[in-house]
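Letter by letter, the chains look like this.
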Amino acid sequence: MENNILIFSSRELCYLSGSFFANQIGAAFEELGYGVEICELSPEDDLDEALSPYMGKPYRLILDFNSKLPRLVMEDDVPYLDKLNGPFFDYILDHPLFHYNGLSCPVKNLNALVLDEAQAEYVRRYHPHLASVHMLPLGATKALYQGEKEQECRIFVPGSYDCPGKFLVCIEDAKEPLRTWMKVLAERRIDEPTLPMEEAFRQLLVYQGRELSDEQFALAMNAMYPVDAYVRAYFRKAVMDRLLSDRIPITVMGGGWEQYKHAGEQYLQRENQVSFGLSFECMAKKHILLNVTPMFNRGMHDRIPAGMANRAVVLTDENPYLKQHFVAGKQMCFYSLANLHSILAQAWELTENKGLREQIQEEAYLEFKEHHTWKCRVKELLSFL
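Predicted model only: the values in this text are computed from it and were never measured.

What counts and how
Residues numbered from 1 in each chain as written. Predicted model: local features only at pLDDT ≥ 70, side-chain atom pairs only at ≥ 80, totals over all residues. Heavy atoms only, no water. Salt bridge = Lys/Arg side-chain N within 4 Å of Asp/Glu carboxyl O. 1 Å grid on protein atoms, 1.4 Å probe; cavity = no way out; pocket = protein on both sides within 12 Å on 5 of 7 lines; lining within 4 Å. Points joined across faces, edges and corners; volume = space filled by probe spheres on them. Helix = DSSP H or I, 4+ residues; strand = E, 2+ residues; numbered from the N terminus. Nonpolar A, V, L, I, M, F, W, Y, C, P; charged D, E, K, R; others polar. Contact = heavy atoms within 4.5 Å. Phe/Tyr/Trp six-rings, centres within 6.5 Å; stacked < 30°, edge-to-face > 60°. Buried < 20%, exposed > 50% of the residue type's maximum accessible area, 1.4 Å probe, protein only. Lys NZ or Arg CZ within 6 Å of the ring centre and 35° of its normal. Pairing = 2+ DSSP bridges. Axes fitted to C-alpha atoms, helices over the stretch in contact; angles between N-to-C directions. Patch = residues over 30% accessible without salt bridge, like charges linked within 9 Å, V, L, I, M, F, W, Y side chains within 5 Å. Areas by Shrake-Rupley, 256 points an atom, 1.4 Å probe, with all protein chains shown as cover. Lys, Arg positive; Asp, Glu negative; His and termini not counted. Charge placed at Lys NZ, Arg CZ, Asp CG, Glu CD.

Description of the pattern of salt bridges
Two side chains of opposite charge can pair, provided their charged atoms sit close to one another. On inspection of all chains with the given rule, the structure shows 21 salt bridges. Glu-152 is the salt-bridge partner of Arg-154, the closest N and O atoms lying 3.2 Å from each other. Among the ionic contacts, a cluster of salt bridges with common partners joins Glu-150, Glu-271 and Lys-286.

In structure tokens, the structure reads:
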């Protein structure tokens, strides 16, 4: 078996995270003794010239994040990935409904990695031609900065902000029956935040007495992407509103926060967005990291292990996966999106109780070192082969 790994970065993700992930996982493979080649593509590249050197060479594993490559067809009408010698893994960092086109491509050795157990089942059912599907959370990176935390304890919110209303416009502009479906699904997911969107859609179809083939179902899910975006934006705003209304100090960092308005503006600080790699350096100086990710309600966003790696107490919305793998109040703290009032007591206790923060921070860091480094993820990935 060849001992070489090929890693692509075929599209740049938010805050330059795509190339960062590629280099982090590449370094972990090298630490385990593998030879690694990394190919970072840009829109200006001549794709034939950039990609031809890898055709035919044997690789133990080939990887990309939210890849464009499954849709790439060469002049002879053969998919580019079929010209590579090794299993290709597309590491999908959103709900797979966003990646319908790529996952539907007739590539011979296409495998998927997703961040959520329910989403893994979704891909297995609606894209059965894939060679394999696995749930694998992203790893995290420890910052170079190892100094003191900031003097003031504030809740840190890294990530972008979008006004929920802009996604409601997309929903209103949709044709029937999509418009009605999206309105119902948005309301249902806000009422039951840990209900996967695909399960809510199945229940809606049963209620309406309608049947869709698996192909029609997956295509409809893809068309209803504004629901997922709206629910994410809705809860991010709702959590912020609740904390600021209780005068809890917050620092946000990322794009779009100039759009966010609240009467408790005096309790809010905005920091300029930075590249993904530098975000860990910022995180290492913070005390508490807030996570709001209703789009992964059977899994784990990379923000969680990132906080653990950098000794910031993770205050996250609960879901069955997290409650199964972590102990509340030991490695992280949970609140309920279905009962937003639940976040207030924990937020106040964490901001005021330094001893508790330090205890959780240390437990979380030990958990990170044992189970959530990029090296840990690479070992899991290799086991899938």
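A word on the layout of surface pockets
Counted as a void, the largest pocket has a volume near 1,200 Å³. Forming the walls of the largest pocket are 50 residues, and the residues nearest its centre are Cys-14, Leu-93, Asp-94, Arg-232 and His-301. Considering each element in turn, the lining of the largest pocket owes the most residues, 6 residues, to helix H9 (residues 225–245). Here the residues of the lining of the largest pocket sort into 24 nonpolar, 15 polar and 11 charged. Reported here for the second largest pocket is a volume of approximately 360 Å³. For the second largest pocket, the lining is made up of 16 residues, of which Gly-147, Glu-148, Lys-149, Glu-358 and Gln-361 are closest to its centre. Among the elements that take part in the lining of the second largest pocket, helix H14 (residues 354–371) stands out by supplying 4 residues, more than any other. Per-class residue counts for the lining of the second largest pocket are 3 nonpolar, 6 polar and 7 charged.

Quick look at the side chain of Gln-119
Within the secondary structure, Gln-119 sits in helix H4 (residues 117–126). When near neighbours in sequence (up to four residues on either side) are disregarded, Gln-119 contacts Asp-94, His-95, Pro-96, Val-114, Glu-198, Met-295 and Phe-296.

Topic: the packing of aromatic side chains
Evaluation of the coordinates by the stated rule reveals 22 aromatic pairs. Each ring, one from Phe-21 and one from Phe-65, has its centre 5.7 Å from the other, and the planes form 40 degrees; the classification is tilted. Here Phe-21, found in helix H1 (residues 17–31), pairs with Phe-65, found in strand E3 (residues 61–65); they are 44 residues apart in sequence, far enough to count as distant. Between Phe-65 and Tyr-91 the ring centres are 5.3 Å apart and the planes differ by 15 degrees, which places this aromatic pair in the stacked class. Taken together, the positions of Phe-65 in strand E3 and Tyr-91 in strand E4 (residues 88–91) put the pair 26 residues apart, joining distant regions of the chain. Each member of the pair, Phe-65 as well as Tyr-91, carries the same accessibility label: buried. An aromatic cluster is built from Phe-20, Phe-21, Phe-65, Tyr-91, Phe-276, Phe-280 and Trp-374, whose rings are joined through pairwise contacts. Residue placement shows Lys-285 over the ring face of Tyr-145; its charged tip is 5.0 Å from the ring centre. A cation over an aromatic ring shows up here: Lys-286 above the ring of Phe-156, its NZ or CZ 5.1 Å from the ring centre.

Considering the sheet that holds strand E7 (residues 155–158)
An order of E9-E8-E7-E10-E11-E12 is seen for the 6 strands of this open sheet, with the pairing classed as parallel. Each edge of the open sheet carries a strand with a single partner, namely strand E9 (268–271) and strand E12 (333–335). Taking the axes of each pair of neighbouring strands and ignoring which way they run, one obtains an average angle of 25 degrees across the sheet. Bridge count for strand E8 (residues 250–253) against E9 is 4 bridges, and the pairing is parallel. Bridge pairing in E9 links Thr-251 to Gln-269. Packed onto the sheet, helix H13 (residues 342–352) meets E7, strand E10 (288–291), strand E11 (313–317) and E12 and runs at close to 150 degrees relative to E12.

A short note on a negative patch on the surface
Residues Glu-44, Asp-45, Asp-46, Asp-48, Glu-49 and Glu-75 make up a contiguous surface patch of negative charge. Note that Asp-45 resides in the loop between strand E2 (35–40) and helix H2 (47–51). Take Asp-45: its relative accessible area is 31%, and that puts it in the partly exposed class.

Quick look at the pairing of E8
The alternating pattern of E8 places Ile-250 and Val-252 on one face and Thr-251 and Met-253 on the opposite face, and all of these are buried. Across 4 bridges, E7 lies against E8 in parallel orientation. Paired with Pro-158 across the two strands is Met-253, which belongs to E8.

Here's the deal with empty space enclosed by the protein
Taken as a whole and judged by the stated rule, the model has 2 cavities of 30 Å³ or more. Those elements that place two or more of their residues in the lining of the largest cavity are H4 and helix H7 (197–208). For the lining of the largest cavity, the class distribution of residues is 5 nonpolar, 3 polar and 4 charged. Space inside the second largest cavity adds up to approximately 30 Å³. Around the second largest cavity, the lining residues are Val-157, Pro-158, Arg-236, Leu-290, Asn-291, Val-292 and Arg-303. Of all elements in the fold, only E7 and E10 reach the threshold of two or more residues within the lining of the second largest cavity.

Thoughts on the environment of Phe-368
Checked against the element boundaries, Phe-368 lands in helix H14. When the C-alpha atoms of Phe-368 and Glu-121 are compared, they prove to be 26 Å apart, with 247 residues separating the residues in sequence. Ignoring sequence-local partners within four residues, the contact set of Phe-368 consists of Ala-140, Pro-305, Met-308, Ala-309 and Thr-373.

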